[in-house]
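Below are the chains, spelled out letter by letter.
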Amino acid sequence: MAISKFNYNSFNVTPVASKALAFNSDADGFTTASSSSMILIKTLTASSSATLSFVDGADSVVLDDTYPIYKFEFINIHPATNTAKLTFQGDTGTNTSYNQTITSTFFNSQHKEDGSGGSLGYETSHDQAQGTAFQDITNGIGNLNDENMNGELKIFSPSSGTFVKHFISTVQSNYDTNWSMNSYMAGYFNTTTALTRAQFKMSSGNIDSGIIKLYGIK
Amino acid sequence: MALSKADVNNINITPTASKAIRWNSAADGFEAGALGGSMVLLSTQTASGSANLSFTSGIDSTYDSYVFKFINIHPSETASFMFNLSIDSGSNYNVTKTTTHFRAYHLESGSASALGYETGVDLAQSTAFQDLTGDSIGTANDSGVSGSLHLFSPSSTTFVKHFMSNLSLLKTDNEIKNTFVAGYGNTTSAVDAIQFKMDNGNIDSGVIKMYGIT
């Protein structure tokens, strides 16, 4: 019989460390349950925004050694300026220059709506070799009303005091009105100082609209 | 007033199957709700000689993106694994798509390996099913395909619907193939259903799970 009212005597479950208390599948008692390994930390919504920044310790953002992996998810990123690229950088401590040294790779799979241009290739114009510029995550994104970009970026162990900080992104976007662009970028911040923040912006103009979510992965 | 100490008299909530007990938004009582995770299992479908597996409910604006996990998909005939989208709750699976497709492969014998774009299985403004494997999956007992497909913002009525997939399959000629298919459903109508099937025969066995990402 399902529980009609919460009763002290219903708590007949064996405690398990680090588990949650949940109703069982019959809703007539309790069981222990695990929470997910991917936790939403912060959602930022662009509205003609010059930048979107995630700073550890500010506005409920966690970007420290709480999680070994952090994932940013991009939903319907729409640039104000046609063919502007979404870019990112990181910084350490309380610094706000966002100019860490990056070495990175970038390749694309692309195809045009008219059936031409299907190809896979490395793109030398989007990588960096010990550069301190913002790193391209995409090719240029179209800004027609229905064009946009989606995807994800993971940063591994940003708070390490020993290792460089690796990152990997995979995104899908519209380019130049009628191209499908699938972009793969990876690299590392060449620093052994803990990163405390990440900033996203377009290579030109504002982020007209879109959402960036930050998750911690256990 | 927020609770300073949990008291049994504050736990006056209605039990809900498979939900957890959590503090409410005012922290002055409790409620039933999902556990703290951001990847929520919405549906699991298991193939058994199935012509197709279709998800016709649960794809809406509740989540910003959806992930489909393919686990040991095994064909009844030598066949490719494919999918399409629907904007009419599954009555028709024929959304116009432009896509890219590249793959890496390596034979068990070690005799060949390569990375490259596949022009034969990408789509250009086509309503056809999108081939996710690009080649036939073997029917040997130990053959199959596993991987995932990420669909973004399917309920948007403003933007086209982007997706990305990555699968690993064992081909008929004892070859590992790692495929990367991405593209967009070129529609500003809300996508509310998705269907998976083989291009030949049935899905003999396998599991497809649909997750919502909060």
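This text follows the structure it describes.
Residues numbered from 1 in each chain as written. Chains lettered and ligands numbered in written order. Predicted model: local features only at pLDDT ≥ 70, side-chain atom pairs only at ≥ 80, totals over all residues. Heavy atoms only, no water.

*Asks:* Before we go on, may I ask you to explain the sheet that holds strand β5 (residues 69-79) of chain A in this structure?
*Replies:* Within a sheet, each strand pairs with its neighbour through backbone hydrogen bonds, oriented either parallel or antiparallel. Residues and elements named next belong to chain A. Ordered in space as β3-β14-β5-β10-β11-β12-β7-β8, the eight strands form an open sheet in which the pairing is antiparallel. Pairing within the sheet leaves two strands with one partner each, and these edge strands are β3 (38-49) and β8 (119-122). Strand-to-strand, the axes of this sheet are offset by a mean angle of 15°, without reference to chain direction. Where strand β10 (residues 149-156) meets strand β11 (residues 165-175), seven bridges bridge the pair, whose relative direction is antiparallel. If you follow G151 over to β11, its bridge partner there is V171. (Pairing = 2+ DSSP bridges. Helix = DSSP H or I, 4+ residues; strand = E, 2+ residues; numbered from the N terminus. Axes fitted to C-alpha atoms, helices over the stretch in contact; angles between N-to-C directions.)

*Asks:* Any chance you could explain the interface of chain A and chain B here in plain terms?
*Replies:* Interfaces are frequently sized by the accessible area removed from exposure as the parts join. Contact residues are listed per partner, giving 56 residues for chain A and 50 residues for chain B. Summed over both partners, the interface of chain A with chain B buries about 3800 Å², with 65% contributed by carbon and sulfur atoms. The interface formed by chain A and chain B holds one salt bridge in total. We note a salt bridge from K213(A) to D64(B), for which the minimum N-O separation is 2.7 Å. Grouping the constituent residues of the side of chain A that touches chain B by class yields 23 nonpolar, 25 polar and eight charged. (Contact = heavy atoms within 4.5 Å. Buried area = accessible area lost by both parts, 1.4 Å probe. Salt bridge = Lys/Arg side-chain N within 4 Å of Asp/Glu carboxyl O. Nonpolar A, V, L, I, M, F, W, Y, C, P; charged D, E, K, R; others polar.)

*Asks:* Looking at this structure, how should I read the nonpolar core?
*Replies:* For soluble globular proteins, nonpolar side chains are generally found buried alongside one another. Counting 34 residues, the largest nonpolar core has F72(A), F74(A), L86(A), F88(A), I137(A), L153(A) and F200(A) as the members making the most contacts within it. Core analysis: the second largest hydrophobic core is formed by 30 residues, I137(B), L149(B), L151(B) and M210(B) among them. (Core = buried A, V, L, I, M, F, W, Y, C linked by side-chain atoms within 4.5 Å. Buried < 20%, exposed > 50% of the residue type's maximum accessible area, 1.4 Å probe, protein only.)

*Asks:* Looking at this structure, how should I read the packing of aromatic side chains?
*Replies:* Describing an aromatic ring pair means giving the distance of the ring centres and the angle of the ring planes. Residues and elements named next belong to chain A. According to the stated counting rule, one finds 23 aromatic pairs over all chains in the structure shown. Joined through ring pairs, the aromatic side chains of F54, F72, F74, F88, F167, F189 and F200 make up one cluster. The cationic tip of K201 hangs over the ring face of F134; the distance from NZ or CZ to the ring centre is 4.2 Å. (Phe/Tyr/Trp six-rings, centres within 6.5 Å; stacked < 30°, edge-to-face > 60°. Lys NZ or Arg CZ within 6 Å of the ring centre and 35° of its normal.)

*Asks:* I keep staring at the pairing of strand β6 (residues 81-86) of chain B and nothing clicks. Help me out?
*Replies:* Within a regular strand, the side chains alternate between the two sheet faces. Residues and elements named next belong to chain B. Burial analysis of β6 places six of its six residues in the buried class, the great majority of the element. Residues of β6 alternate between two faces, with F81, F83 and L85 on one and M82, N84 and S86 on the opposite face, all of them buried. With six bridges joining them, β6 and strand β13 (residues 193-198) adopt antiparallel strand pairing. Across the sheet, F81 pairs through a bridge with M198, a residue of β13. Strand direction decides the pairing type here: β6 and strand β9 (residues 130-131), joined by two bridges, are antiparallel.

*Asks:* Could you clarify how one ought to interpret the pattern of salt bridges in this entry?
*Replies:* Pairing of side chains with opposite charge becomes possible as their charged atoms draw close. Counting across every chain of the model gives ten salt bridges over all chains. Between K154(A) and E152(A) there is a salt bridge; the shortest N-O distance is 3.8 Å. E152(A) sits in the buried class, given a relative accessible area of 17%. Of the charged contacts in the structure, one is a salt bridge between D135(B) and K171(B), with a shortest N-O distance of 3.0 Å. With a gap of 36 residues between them, D135(B) in the loop between β9 and β10 (145-152) and K171(B) in the loop between β11 (161-170) and β12 (175-185) connect regions that are remote in the sequence. Exposure remark for D135(B): the relative accessible area of 26% places this residue in the partly exposed category. In this structure K171(B) comes out as buried when scored by relative accessible area, which is 11%. Counted as one network, the salt bridges with shared partners bring together R103(B), E118(B), D135(B), K171(B), E175(B) and K177(B).

*Asks:* Mind showing me how you'd approach the pairing of β10(B) here?
*Replies:* Residue and element names in this part refer to chain B. Burial within β10 is extensive, with six of its eight residues counted as buried. With seven bridges connecting them, strand β5 (residues 65-75) and β10 associate as antiparallel partners. By the bridge assignment for β10, Y66 is matched with L151. Of the strand pairs in this sheet, β10 and β11 are connected by seven bridges, and their pairing is antiparallel. What sits directly across from L149, in β11, is S165.

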